[in-house]
Every structure is written in structure tokens, then in C-alpha cells.
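Listed here are the chains, written in short residue letters.
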Amino acid sequence: ILVPIFSLGLSVSIGICYFQNTLEQSRQRILRASLLILLISTLVLVLASLATSHLISLVIFGSEDFAYLVFTVFLTASLAILVLPFQLELQFTMQAKPFLVASLVSTILSAVSGFYLVLIADFGALGLLLSGLIGQLVMSICLPIFSSLNINNLLKVDLPNVFNLIRFGLPMLPSLGL
């Protein structure tokens, strides 16, 4: 539920705004604006998790002892949100092979690390969550490498693009699993 909320519906609005333009420069500006919005949103998510992990652990598990598990889930969700513009750029430009390679490497490393952390190192639930985090971290490294999204001048964002991304994205929140 964290990813749909903190992605702010941008998984839908990026496509709407991206395909309204035919110029590559305009499309790059839209992707950069979405990345900046998602950076801010994930910063809020990480800060919220730092502030509330103990409380969430207490409510869910009856103890604050599992706050580190809650934080790991929040961190994994944050990484999943941040790669969204890179993932969609590969999808929109029909680059299936790089996405497949990133997904395959991520899945293999996640499975291997999960096997090791859970069965050999005996980390239990933390091992399972860490293997998911490792898989998402691999995606967070691979997708920007494979993407042609130019993140130079990230802070130089057109406000109309930001407004349109949010305007088209926020109404999607109820339909994205909330």
C-alpha cells in the first residue's frame, strides 16, 4: 500500500504527460520532473518511517522490538518508487531487453541472498525482507544505467510539468489499490 500512496499516481500520469509530447526534450523534462517529485515523496516516506517505525511495530506486533523490520519494508518501498521514471522510460521506448536483464539479475540476487540470509545465516524474517531490499537495490542501480533519462539539471524543472503530473496522478490514488 506504500508504493501506490507515495508514488502519488505518477505511474499513470507520467504516461499521460509523456505521450502528450512528441519532442524528446519535452519527454525528458517530464521524466525529470517525475523523478524530482518522487525523490521528495520518498524522502517524506523515509522520514515518516524513521518517526513511526516503533509505533507501527507496537501496533502490528505488540512490541517495538520489530521496528527494524518496518523500516526495511519502508526502505524497500522507497526504492521501488524511485525507479518508476526509469522503468517507465524503458517501457515507453520499448526497451524490453534491458528491463528483462535488470529484472533477471535482481530476481536472482534476491533469491540467492534470501536463501543465504534465511536458511544459512538464520536471519529469519529480516533475511527475507533484506533479500527483497537487495533485489530492489539492484533494480535501482540497473534501471538508471540502462535508461536514457538524463538526470543532469534535475532541479531545473518546469513547474507546469510538475503540476500536470500531480494533477493527473492524484485522482488515480483511489484506483491504485487504496
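As the structure is a prediction and not an experimental result, all values here were calculated from the model. (Residues numbered from 1 in each chain as written. Predicted model: local features only at pLDDT ≥ 70, side-chain atom pairs only at ≥ 80, totals over all residues. Heavy atoms only, no water.)

1. Regarding the overall build of the protein
So, step 1. Looking only at helices and strands, the protein features eight helices and zero strands.
So, step 2. Overall, the protein shows an N-to-C arrangement of helices and strands of α-α-α-α-α-α-α-α.
So, step 3. Taken over the C-alpha trace, the protein has a radius of gyration of 18 Å; the compact-globule value for 178 residues is 16 Å, and the two agree within 12%.
So, step 4. In terms of its C-alpha atoms, the protein occupies a principal-axis envelope of roughly 50 × 35 × 30 Å.
So, step 5. For the protein, long-range pairs separated by at least 24 residues make up 78% of all intrachain contacts whose partners lie at least 6 apart in sequence. (Helix = DSSP H or I, 4+ residues; strand = E, 2+ residues; numbered from the N terminus. Rg over C-alpha atoms; globule rule 2.2 N^0.38 Å. Contact = heavy atoms within 4.5 Å.)

2. Thoughts on the side chain of Ser-13
So, step 1. Positionally, Ser-13 belongs in helix H2 (residues 10-19).
So, step 2. Within the structure, Ser-13 has its side chain in polar contact with the backbone oxygen of Leu-165 (distance 2.8 Å).
So, step 3. Not counting residues up to four positions away in its chain, the partners in contact with Ser-13 are Leu-165, Phe-168 and Gly-169. (Polar contact = N/O pair within 3.5 Å; in protein donor to acceptor, adjacent residues only side chain to side chain.)

3. Some remarks on the nonpolar core
So, step 1. Counting residues in hydrophobic clusters, the biggest one holds 34 residues, and the most contacted among them are Leu-2, Leu-10, Ile-14, Leu-45, Leu-143 and Leu-165.
So, step 2. For this core, the secondary-structure elements that each account for two or more residues are helix H1 (2-6), H2, helix H3 (24-61), helix H4 (67-82), helix H5 (84-92), helix H7 (125-146) and helix H8 (159-169).
So, step 3. Considering each element in turn, this core owes the most residues, eight residues, to H3.
So, step 4. Contacts of Leu-143, omitting those with residues within four sequence positions, involve Val-83, Phe-86, Gln-87, Leu-90, Phe-99 and Ala-102. (Core = buried A, V, L, I, M, F, W, Y, C linked by side-chain atoms within 4.5 Å. Buried < 20%, exposed > 50% of the residue type's maximum accessible area, 1.4 Å probe, protein only.)

4. Here we look at the environment of Leu-75
So, step 1. With respect to the helices, strands and loops of the structure, Leu-75 is situated in helix H4.
So, step 2. Separated by 29 residues in sequence, Leu-75 and Val-46 have C-alpha atoms that sit 6.6 Å apart.
So, step 3. The contact partners of Leu-75, leaving out residues within four places of it in the chain, are Val-46 and Leu-133.

5. A few points about the environment of Lys-156
So, step 1. Along the chain, the position of Lys-156 falls in the loop between H7 and H8.
So, step 2. Remark: the alpha-carbon pair of Lys-156 and Leu-36, spanning 120 residues in sequence, is separated by 9.6 Å.

6. Examining unusual backbone geometry
So, step 1. Backbone geometry at Met-94 places phi at a positive 55°, although glycine is not the residue there.
So, step 2. Mapping Met-94 onto the fold places it in the loop between H5 and helix H6 (96-120).
So, step 3. With a phi angle near 60°, Asp-122 is a residue other than glycine that sits in the positive phi range.
So, step 4. Residue position: Asp-122 is located in the loop between H6 and H7.

7. A closer look at the environment of Ala-51
So, step 1. Within the secondary structure, Ala-51 sits in helix H3.
So, step 2. Ala-51 sits in the exposed class, given a relative accessible area of 65%.

8. Thoughts on the pattern of salt bridges
Side-chain pairing between opposite charges can occur once the charged atoms of the two side chains come close.
So, step 1. Within this structure, the stated rule accounts for one salt bridge.
So, step 2. Note that Asp-158 and Arg-29 form a salt bridge whose closest N and O atoms lie 2.9 Å from each other. Of this pair, Asp-158 sits in the loop between H7 and H8 while Arg-29 sits in helix H3; the two residues are 129 residues apart in sequence, bridging distant segments of the chain. (Salt bridge = Lys/Arg side-chain N within 4 Å of Asp/Glu carboxyl O.)

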